[in-house]
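Coordinate inspection notes
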Amino acid sequence: MRITLFAHGTRGDVWPMVALGAKLGERDHDVTIAVPEEFEEFAERAGQRVVPLPFNIMSWLSTPEGQRLLHTGGIPLMRRAQQEYRRHADAFDRAFIQAAQGAEALVGMYLTWDRTLAMADRMRVPMAAVYPQQYAPSREYSSVILTRGRVRSAHLRLASHKLTDRIWWQGSAKTTNAFRRKLGLPSCSQSTYSRMHEAGCLGLHIVSPSVFPRPSDWPDHLKLTGAWQMPPDLRDKLDEGLPADLQDWLNAGDPPIFLGFGSMPVLDPDLLLADIVSVTEALGRRGIVSENCVSARGAETLPSHLRVVGAVDHDRLFPQCVAAVHHGGTGSTIASLRAGLPTLVCSVLADQPWWGEHMRRLGVGDHRRFCKLDRRALTTGLKTLLDPAVIARARTLGAKIRAEGDGLPAAGQLLEDWLVLAEPTPP
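We now turn to the structure provided with this report. Note that this is a predicted model, so its numbers are computed, not measured. (Residues numbered from 1 in each chain as written. Predicted model: local features only at pLDDT ≥ 70, side-chain atom pairs only at ≥ 80, totals over all residues. Heavy atoms only, no water.)

A word on the sheet that holds strand S12 (residues 343-347)
Our working rule: Pairing between strands is defined by DSSP: at least two bridges between the two strands are required. Put simply, DSSP marks the helices as runs of H or I at least four residues long and the strands as runs of E at least two long, and each gets a number from the N terminus on. Interaxial angles span 0 to 180 degrees and are taken between N-to-C directions of axes, which are lines fitted to C-alpha atoms, for helices over the stretch in contact. Whether two residues touch is decided by their heavy atoms; if any such pair falls within 4.5 Å, the residues are in contact.
On the basis of which strands lie adjacent, the open sheet formed by 6 strands has the order S10-S9-S8-S11-S12-S13 and parallel pairing. Where the open sheet ends on each side, the last strands, each with one partner, are strand S10 (306-309) and strand S13 (365-369). Neighbouring strand axes in the sheet, compared pairwise and without regard to direction, differ in orientation by 15° on average. Pairing geometry for strand S8 (residues 257-259) and strand S11 (residues 323-326), over 3 bridges, is parallel. Counterpart to Phe258 in the pairing with S11 is Ala324. Seen against the sheet, helix H17 (residues 375-385) touches S8, S11, S12 and S13 and runs at an angle of roughly 165° to S13.

Take a look at the structure:
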């Protein structure tokens, strides 16, 4: 079957779709994947036919404006990002039309599903969705985008999901309907997600049931696949192993604390590094620090108990650490928990605060807002992580997640089985 996958956003949004495309290719499907230009080589090295999408969101987030918005987080960031997507609307339209050419089924993620469904309507082919976090409405948990998971009322929990969908649709309806008219389709007043939900489109949630049990009120078309892992052969193609000198450093001492924040806003890396140096020295712990936390000047004076790393394979690095401090992206969170690491989430936006509070609820970590992270907050958080009871609970949870196995093969099978009988979404 000819299948086109659409993904946009950061690396954490893109790599699961690249891995899914590789898995579908192993099953003899003809796969095309549309990803941001910055990840074009990444997908090509995985052996896939690639159509580049416009708007390098990572470059935009690294600008002074993007960093300020990340620091603020919340709805202002969401709305400003949607403005940037609208600015590139014509280029997105052309890329989606090109990528979907000849496809018999389409698969989209939340940043691409508006146009993906429009293309599915135009071509009269089925569409499935992949969710990097638990997005589907339920009375058993509140929206991971708008809340921290503390909503006690089942009615309000369900309402929070509807509000999330409404906010997103208000920001995307204009460009979505412009694209639909360009395709010769009528405008649509109903949100993309509600249409997919009512039509029973397959929804694959990349979440571990040991961390987040499947809600009992989800309909059958919503699946909790378990956490995905990048296949080892795909990792080898992407050359993401640990450098030999880093492995030598790891072997030369006690397991370190990992501290990394992905694309999040490190507005003053020298101040953050000074805090990390002070706190790790006081705790007598080694540390691995992601390069966005260290300026060129800071790298020159780095003490021997710290090591700076660029992009590394978390699944290979984290099992050799004692604890993890990161921004709370779903992928990073599952990776640290799967390794059995107590985790300090320093949240900025979207689902990150929800995951931070969930670490507390599970008793396997702590939560701080990134904008309030200072020497005192980092010290308190790390002391929580190094508590023997927290370490024991994290190790127990990690063993449960590892026992689940890799959710990627199950996701590929679920998608393949669904496509056998799947129908286009009703207009």
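Points about the pairing of strand S5 (residues 127-131)
Inclusion rule: Exposure categories follow from relative accessible area, calculated using a 1.4 Å probe and restricted to protein chains: below 20% of the type maximum is buried, above 50% is exposed, and the middle band is partly exposed. Call a crossover right-handed when, viewed with both strands pointing away from you, the route from the first strand across the helix to the second goes clockwise.
Within S5, 5 of the 5 residues are buried, leaving the element largely enclosed by the surrounding structure. Side chains Met127, Ala129 and Tyr131 of S5 all project onto a buried face; the interleaved residues Ala128 and Val130 project onto the opposite face, where all are buried too. Note: strand S4 (residues 105-108) against S5, 3 bridges, orientation parallel. Bridged to Gly108 within S5 is Ala129. Between S4 and its parallel partner S5, the chain crosses via helix H7 (residues 113-123), and the hand of that crossover is right-handed. As paired strands, S5 and strand S6 (residues 203-205) are joined by 3 bridges and run parallel to one another. Residue pairing across strands places Ala129 opposite Gly203, the latter belonging to S6.

Focus on the packing of helix H6 (residues 89-100) against helix H8 (residues 154-182)
The cut-off we apply is this: Here roughly perpendicular refers to angles of 65 to 115 degrees, roughly parallel to angles under 35, roughly antiparallel to angles over 145, and oblique to all remaining angles. Handedness of each helix crossing follows the sense of rotation of the near helix against the far helix: counterclockwise by less than a right angle gives left-handed, clockwise gives right-handed. Polar here means any residue outside two lists: the nonpolar Ala, Val, Leu, Ile, Met, Phe, Trp, Tyr, Cys and Pro, and the charged Asp, Glu, Lys and Arg; Gly therefore counts as polar.
Here H6 crosses H8 at 50°, and the two axes come no closer than 11 Å. The angle between H6 and H8 falls in the class oblique. The crossing of H6 and H8 is right-handed. On H8, the residues that touch Ala89, Asp90, Asp93, Phe96 and Ile97 of H6 are Thr175, Phe179 and Lys182. The residue inventory of the contact of H6 with H8, partitioned by class, reads 4 nonpolar, 1 polar and 3 charged.

Remarks on the environment of Trp249
Structurally, the position occupied by Trp249 is in helix H11 (residues 244-251). If we ignore the near neighbours within four places in the chain, the residues touching Trp249 are Pro256, Arg286, Gly287, Ile288, Ser304, His305, Leu306 and Arg307.

Some remarks on unusual backbone geometry
Residue Phe55 is not a glycine yet carries a positive backbone phi of 70°. Residue position: Phe55 is located in the loop between strand S3 (49-53) and helix H3 (57-61). Residue classification places Phe55 among the buried residues on the basis of a relative accessible area of 8%. Backbone geometry at Arg124 places phi at a positive 55°, although glycine is not the residue there. One can find Arg124 in the loop between H7 and S5. According to the relative accessible area criterion, Arg124 is partly exposed, its value standing at 40%.

Topic: the sheet that holds S4
The 7 strands are arranged S3-S2-S1-S4-S5-S6-S7 in an open sheet whose pairing can be described as parallel. The outermost strands of the open sheet, each flanked by one partner alone, are S3 and strand S7 (222-224). Between one strand axis and the next, the sheet turns through 20° on average, direction left out of account. Sheet contacts for H6: strand S1 (2-6), strand S2 (30-36), S3 and S4; angle to S3, the most-contacted strand, approximately 165°.

Things to note about H11
Test applied: The arc in question is traced by the directions running from the helix axis to the C-beta atoms.
All buried positions along H11 are accounted for by Leu246, Trp249 and Leu250. All buried residues of H11 project into a common sector of 100° when viewed along the axis, lining one side. H11 presents Ala244, Asp248 and Asn251 as exposed residues on the side facing more than 90 degrees away from its buried surface.

Some details on the nonpolar core
This is how it is decided: We call a set of buried Ala, Val, Leu, Ile, Met, Phe, Trp, Tyr and Cys residues a nonpolar core when their side-chain atoms join them within 4.5 Å.
Residues Met196 and Val325 are the most contacted members of the largest nonpolar core, which totals 86 residues. Residues contacting Val325, with those up to four places away along its chain left out, are Ile257, Phe258, Leu259, Gly260, Phe261, Leu344, Cys346, Leu382 and Leu385.

Quick word on the pattern of salt bridges
Let me state the cut-off plainly: Salt bridge, as applied in this entry: a Lys or Arg side-chain nitrogen positioned within 4 Å of an Asp or Glu carboxyl oxygen.
Under the counting rule described, the total for this entry stands at 21 salt bridges. Measuring nitrogen to oxygen at the nearest pair gives 3.5 Å for the salt bridge that ties Lys182 to Asp90. Remark: Asp90 occurs in helix H6 and Lys182 occurs in helix H8; sequence separation between them is 92 residues. The partner of Asp220 in a salt bridge is Lys223, and the shortest N-O contact between them spans 3.3 Å.

Things to note about the packing of helix H1 (residues 11-26) against helix H19 (residues 407-421)
Look at H1 against H19: their axes get within 10 Å of each other, and the N-to-C directions meet at 65°. For the pair H1 and H19, the crossing hand works out as right-handed. Touching Ala19, Leu20, Lys23 and Leu24 of H1 are Leu408, Pro409, Gly412 and Leu415, all from H19. Of the residues in the contact of H1 with H19, the class split is 6 nonpolar, 1 polar and 1 charged.

Topic: H19
The test is simple: Expected helix span is taken as 1.5 Å per residue step, with the number of steps being one fewer than the number of residues. As used in this structure description, the phrase polar contact means that two N or O atoms lie within 3.5 Å; if the pair is within protein, one of them must be able to donate a hydrogen and the other to accept it, and residues adjacent in sequence are counted only when both atoms belong to side chains.
Between the first and last C-alpha of H19 there are 22 Å, a value that for 15 residues agrees with the 21 Å anticipated at 1.5 Å per step. Turning to H19, its buried residues number three or more, namely Gly407, Leu408, Ala411, Gly412, Leu415, Trp418 and Leu419. Axial view of H19: buried residues confined to an arc of 140°, hence all on one face. When the buried face of H19 is taken as reference, the exposed residues oriented beyond 90 degrees from it are Val420 and Leu421. Of the surrounding elements, those touching the buried residues of H19 are S1, H1, S4, S5 and S6. Its side-chain oxygen at 3.0 Å from the backbone nitrogen of Leu408, Asp406 defines the N-terminal cap of H19.

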